[in-house]
Amino acid sequence: MSFERIKEKLEILADAAKYDVSCASSGSTRKNTTKGLGNSTGMGICHSYTEDGRCVSLLKILLTNYCIFDCAYCVTRKSNDIKRAAFQVQEVVDLTINFYRRNYIEGLFLSSGIFKSPDYTMERLVAVAKKLRLEENFHGYIHLKSIPGCSDELMREAGLYADRLSVNIEIPTETGLKLLAPDKKREDFIKPMTKVKNEIIQYKSEKKLIKSTPKYAPAGQSSQMIIGASGESDQQIMWTANYLYDKFDLRRVYYSGYIPISYDDRLPHIGTAVPMLRENRLYQTDWLMRFYGFKVNEIVNNEHPNLDLDVDPKLGWALRNLQLFPVDVNTADKLMLARVPGLGMKSVHKILHARRYRRLNWEHLKRLGVALNRAKYFLVCESRDFERRDLSAIQLKSLILQNSTSKYQPLLSPQLSLF
Amino acid sequence: MLEVNALQILSYDGTFEGFLTCVFHVYERRLTHVDIQPSHVAIDSLFDAREEIITDFEKSKRVWTGLKSKTSSNGRLRLMYAFLSEQAGIERHLLEFIRYVFDSKSIVDDDYSHEAVLKVTQVAKSVGREKHRMEAFVRFRLTKDDLYFATIEPDFNVLPLIQKHFKSRYADQKWLIYDLKRKYGIHYDLKNVEMVTMELPADFDPVNTSEDFFAEEELKFQLLWQNYFKSTNIESRKNMKLHVRHVPKRYWKYLSEKR
Ligand code: SF4
C-alpha cells in the first residue's frame, strides 16, 4: 500500500468522522479461541486521549466523505466545498489490523457518507467487517454505522460481523429534522433500528435452544443526538432519549454539543461556543435515568424544561424536593441513598456494605472515602452533629456552590459575569 | 529490657511465596511484635532481631489455602495486587489484613472501616489502575525479526498482572514487553509466556525507532497513527487539564502519538 495516499485519506476521513462522539468499545465479549488476533473483554480500553479529553479506543473513520445528501449540520454535506476521499475496503482492513497489532486500538468504528445509495454504501461497510472477521480472524471490536434507509437484509448481515450498530438520530425533534435534513425521514432511522432490535431478540431466543447460533451485534445499538443545533429544549432531548431506550433497547444515547461548521442561517454560526456544559448535564441526566432510578419527568418537565447549568441535575432535583431530606445513612434504602447529592453508586455500595458491621458516623464515612462536602447537608448518621439550620433551597445552593469548584468553571463564569 | 521489646524482623526474597512463608512463621511461632521486610531493604539494627526466612512453597501454599476459606476471591486478589505495589512497609498492612480475616468468624475482607483492609484495598486499587494503564499504553513496535516489542517503566510491578491480557489478545503474533525499571520482561513465542531478562545494546534508546532494530514499515505506521491522532482531535473542545489527568505526563514518552 502507498503510505502517502493512505496518509492523506486518513487525514480527511478521520477528520470527518471525529464529530461522532461515541467511542465505547465495551459491552461485547469475543473470545480469541482460535488463536487468531484480538479479543473483546467486555470492558473497553482507552488507549489514548485526545487533547479535548476524549477517549481514543477505536480507529474512527469514514469509508468516504462523498455524500449525496445535504444535511445542514454536517461537514460532509453535498454542498460543502471540502476535499473528498474514499478508502478501498482492503485499505481499511489493513489499517485496522496494523493498528491493532501495535496495541493502538480496540477495534474499528466505521461510518460513511452516502454515496450512490444507502444500500451501496452499507454493502461496503459490511464487506469491511466481513473481511476482518473471516479473512483476518479478527476478534477485536467492530462498530458499524447503519446507513439510514438501507435494506433489512444488509442490516441482518451487518449484525453478524459487527459488535455494535448505530444510527444517529442527530436532531431530537421531527420539526428540526425537516428543517435541517430535508433529505431524511424519520422512518429511515427507525427501520434499521427496528430490524436490529428484532434480530437481537430473535438471536437471544434461538441461543437458548441452539448454542452455536452465530452472534448478532453483541454490544447492541446506540445513537447520537446533536445538542443546540435546532433550538430544542432539554426536556425534548431527554424524552427522545427515553423513547429510544424504551423502544429500541438502545445501550447508549450520546449527546454531542453542536460544533458550528457553517454560516447557514438555520444554525448557530461559526464561532458560537460549543455547549459543553449543557452536554455534560444531559449525560448526567441520562446516567440518573439509567442507573439511579430517576424518571425523566422528575428531572425535566413543563415547569423545568431545561436543566440548571450551575448545579448538576441530581442536586437540582434535591433542592426542589427538600421535604425528602435528610436521609439516615444507617437505615435509608438503596434507592434513596442513591438520590443523595454527592453520593455516587460506588459510595452507596460502600455504605451498604459497611453498615452491616457497625452504625456509621461521619468519621466512618470519611474513611470509606465518601465525599461529604455536599452530601453532609442531606444526611444524618450516628452522630449528634448534623446540619440543623432549616436552610432554604436558595441558601443551600449558594452554600454548596461556594465550596465546590467545577471543571467547567471557566466555561461557566463568562456567562455568569453577564449578570 | 531491650530483649523483651525487640522487634522481630523476618526478611524474605521479595516473592509473594516468600512473604506467605513469613506469615506461616508468624503463626507457627505466635510472633506478635514482628515485621516482614524484603531482604534488600531490611537493615541490620542493634535493637531488632533479624532473621532470614527461606521461601518454602509448602508453607506458603498452606497459608494461601487457609486464606481461601477466610476471604473472597476478590479479597485475595487485593492482597496480591497490594503486594505487587512493592511499597515500603506494605507487608505490615498485609499482615494486619491477614490477621484480621483469620481472627474473624465470618468473611470480613470487605469491611472497609478496618484500617488495614482499607489500606490494602486502596493500594490494590492504584496497582489495578497501573495494570489498566499498561494494558492501554503499551505500544508494540515491529522488529526486524517479526517480534512485536514494547518497553515500559510502570510504577508498580505489573508484568505478572498484564500477561494474561496480552496472551489472549495477541495470540497469533510474537511479542515481548520489557520492564526497564525492574530489568525483566515477558515474552510470548506463540505458545507460552515466559519471564526473560535481556542485555539491551549499550546504545539502545527506548524512545527511538532505530532502523537497526525495527522493521522498515514500523516508522510509517507510527506516522500514520500520529496523523490519525491529530485529525481526530476537535480543536474547539480542547481541554488540556482533562487530557493530562487521563494521560499523566510521565507516560508520554512511550506513546508515539504524544511525541
Ligand atoms: S447523510 Fe450523513 S454524511 Fe451525508 S450529509 Fe447527511 S449526516 Fe452528513
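About the criteria used
Residues numbered from 1 in each chain as written. Chains lettered and ligands numbered in written order. Predicted model: local features only at pLDDT ≥ 70, side-chain atom pairs only at ≥ 80, totals over all residues. Heavy atoms only, no water. 1 Å grid on protein atoms, 1.4 Å probe; cavity = no way out; pocket = protein on both sides within 12 Å on 5 of 7 lines; lining within 4 Å. Points joined across faces, edges and corners; volume = space filled by probe spheres on them. Helix = DSSP H or I, 4+ residues; strand = E, 2+ residues; numbered from the N terminus. Nonpolar A, V, L, I, M, F, W, Y, C, P; charged D, E, K, R; others polar. Expected span 1.5 Å × (residues − 1). Buried < 20%, exposed > 50% of the residue type's maximum accessible area, 1.4 Å probe, protein only. Arc of directions from axis to C-beta. Phe/Tyr/Trp six-rings, centres within 6.5 Å; stacked < 30°, edge-to-face > 60°. Pairing = 2+ DSSP bridges. Right-handed = clockwise from strand over helix to strand, strands pointing away. Contact = heavy atoms within 4.5 Å. Near = heavy atom within 4 Å. Sits in = over half its atoms within 2 Å of the grid points. Domains from an automatic or database assignment. Buried area = accessible area lost by both parts, 1.4 Å probe. Salt bridge = Lys/Arg side-chain N within 4 Å of Asp/Glu carboxyl O.

### Here we look at empty space enclosed by the protein
Residues and elements named next belong to chain A.
Turning to step 1, where the next piece is worked out: Under the definition given, this model contains 5 cavities of 30 Å³ or more.
Turning to step 2, where the next piece is worked out: Forming the boundary of the largest cavity are 35 residues, of which Tyr 73, Cys 74, Ser 111, Asn 168 and Glu 170 lie nearest the centre.
Turning to step 3, where the next piece is worked out: When residues of the lining of the largest cavity are traced back to their parent elements, those giving at least two are helix H1 (3-17), strand E5 (58-62), strand E6 (107-111), strand E9 (221-227) and strand E10 (252-257).
Turning to step 4, where the next piece is worked out: Residue composition of the lining of the largest cavity, grouped by class: 20 nonpolar, 9 polar and 6 charged.

### Things to note about helix H3 (residues 118-134) of chain A
Residue and element names in this part refer to chain A.
Turning to step 1, where the next piece is worked out: Here H3 spans 24 Å end to end across 17 residues, near enough to the 24 Å set by a 1.5 Å rise per residue.
Turning to step 2, where the next piece is worked out: Within H3, the full set of buried residues consists of Pro 118, Thr 121, Met 122, Leu 125, Val 126, Val 128, Ala 129, Leu 132 and Arg 133. All buried residues of H3 lie within an arc of 150° about the axis, which places them on one face of the element.

### Considering the packing of aromatic side chains
Describing an aromatic ring pair means giving the distance of the ring centres and the angle of the ring planes.
Residue and element names in this part refer to chain B.
Turning to step 1, where the next piece is worked out: Enumeration over the complete set of coordinates arrives at 29 aromatic pairs over all chains.
Turning to step 2, where the next piece is worked out: Measuring from ring centre to ring centre gives 5.0 Å for Phe 16 and Phe 83, while their planes differ by 55°; the resulting arrangement is tilted. Pair noted here: Phe 16 is in helix H2 (residues 16-28) and Phe 83 is in helix H4 (residues 73-84), with a separation of 67 residues, a long-range link.
Turning to step 3, where the next piece is worked out: We classify Phe 16 as buried; its relative accessible area is 12%.
Turning to step 4, where the next piece is worked out: Among the residues examined, Phe 83 registers a relative accessible area of 7% and is labelled buried.
Turning to step 5, where the next piece is worked out: Aromatic side chains Phe 140 and Trp 175 sit 6.4 Å apart centroid to centroid with 40° between the ring planes, which places their arrangement in the tilted category.

### Some details on the pairing of strand E1 (residues 8-12) of chain B
In the case of a regular strand, side chains alternate between the two sheet surfaces.
Residues and elements named next belong to chain B.
Turning to step 1, where the next piece is worked out: Burial of E1 is extensive: 5 of the 5 residues sit out of reach of the surface.
Turning to step 2, where the next piece is worked out: The alternating pattern of E1 places Gln 8, Leu 10 and Tyr 12 and Ile 9 and Ser 11 on opposite faces, both of which are buried.
Turning to step 3, where the next piece is worked out: Here 5 bridges tie E1 to strand E2 (residues 34-38), and the two strands are oriented parallel to one another. If you follow Ile 9 over to E2, its bridge partner there is Asp 35.
Turning to step 4, where the next piece is worked out: The parallel pair E1 and E2 is bridged by H2, and the resulting crossover is right-handed.
Turning to step 5, where the next piece is worked out: Bridge count between E1 and strand E3 (residues 49-52): 4 bridges; the pairing is parallel. Note on E3: the bridge partner recorded for Ile 9 is Arg 50.

### Overview of the side chain of Asn103(A)
Turning to step 1, where the next piece is worked out: Within the element layout of this structure, Asn103(A) appears in the loop between helix H2 (89-101) and E6.
Turning to step 2, where the next piece is worked out: Setting aside anything within four residues of it in sequence, one finds Asn103(A) in contact with His47(A), Glu135(B), Ala136(B), Val138(B), Arg139(B), Phe140(B), Phe166(B), Arg169(B) and Tyr170(B).

### Overview of the site of the ligand
Residues and elements named next belong to chain A.
Turning to step 1, where the next piece is worked out: For the ligand, the full set of nearby residues is Cys 67, Phe 69, Cys 71, Cys 74, Thr 76, Arg 77, Gly 113, Ile 114 and Lys 184.
Turning to step 2, where the next piece is worked out: Under a 2 Å grid-point criterion requiring more than half of the atoms, the pocket assigned to the ligand is the largest cavity.
Turning to step 3, where the next piece is worked out: Broken down by class, the residue content of the shell around the ligand amounts to 5 nonpolar, 2 polar and 2 charged.

### Examining the sheet that holds strand E8 (residues 193-196) of chain B
Turning to step 1, where the next piece is worked out: Spatial strand order, E4-E5-E6-E7-E8 (chain B): 5 strands in an open sheet with mixed pairing. Taken across any chain shown, the strands that pair with only one partner, and hence form the sheet edges, are strand E4 (141-142) and E8 of chain B.

### Let's talk about the domain arrangement of chain B
Residue and element names in this part refer to chain B.
Turning to step 1, where the next piece is worked out: Looking at the assigned domains, one finds that chain B contains domain 1 (8-130) and domain 2 (138-258).
Turning to step 2, where the next piece is worked out: Centre-to-centre, using C-alpha coordinates, domain 1 lies 33 Å away from domain 2.
Turning to step 3, where the next piece is worked out: Domain 1 puts 8 residues into the contact, and the matching count from domain 2 is 9 residues.
Turning to step 4, where the next piece is worked out: Both sides together, the interface formed by domain 1 and domain 2 hides about 790 Å², and carbon and sulfur atoms give 63% of it.
Turning to step 5, where the next piece is worked out: On the domain 1 side of the interface with domain 2, the three residues burying the most area are Leu 84, Glu 86 and Glu 130, jointly 68% of the side's total.
Turning to step 6, where the next piece is worked out: Where domain 1 meets domain 2, there are 1 salt bridge.

### Comments concerning the domain arrangement of chain A
Where interface size is quoted, it is often the accessible area lost as the parts come together.
Turning to step 1, where the next piece is worked out: Domain boundaries in chain A define domain 1 (3-30 + 40-221) and domain 2 (313-403).
Turning to step 2, where the next piece is worked out: One C-alpha centre belongs to domain 1 of chain A, the other to domain 2 of chain A, and the line joining them spans 42 Å.

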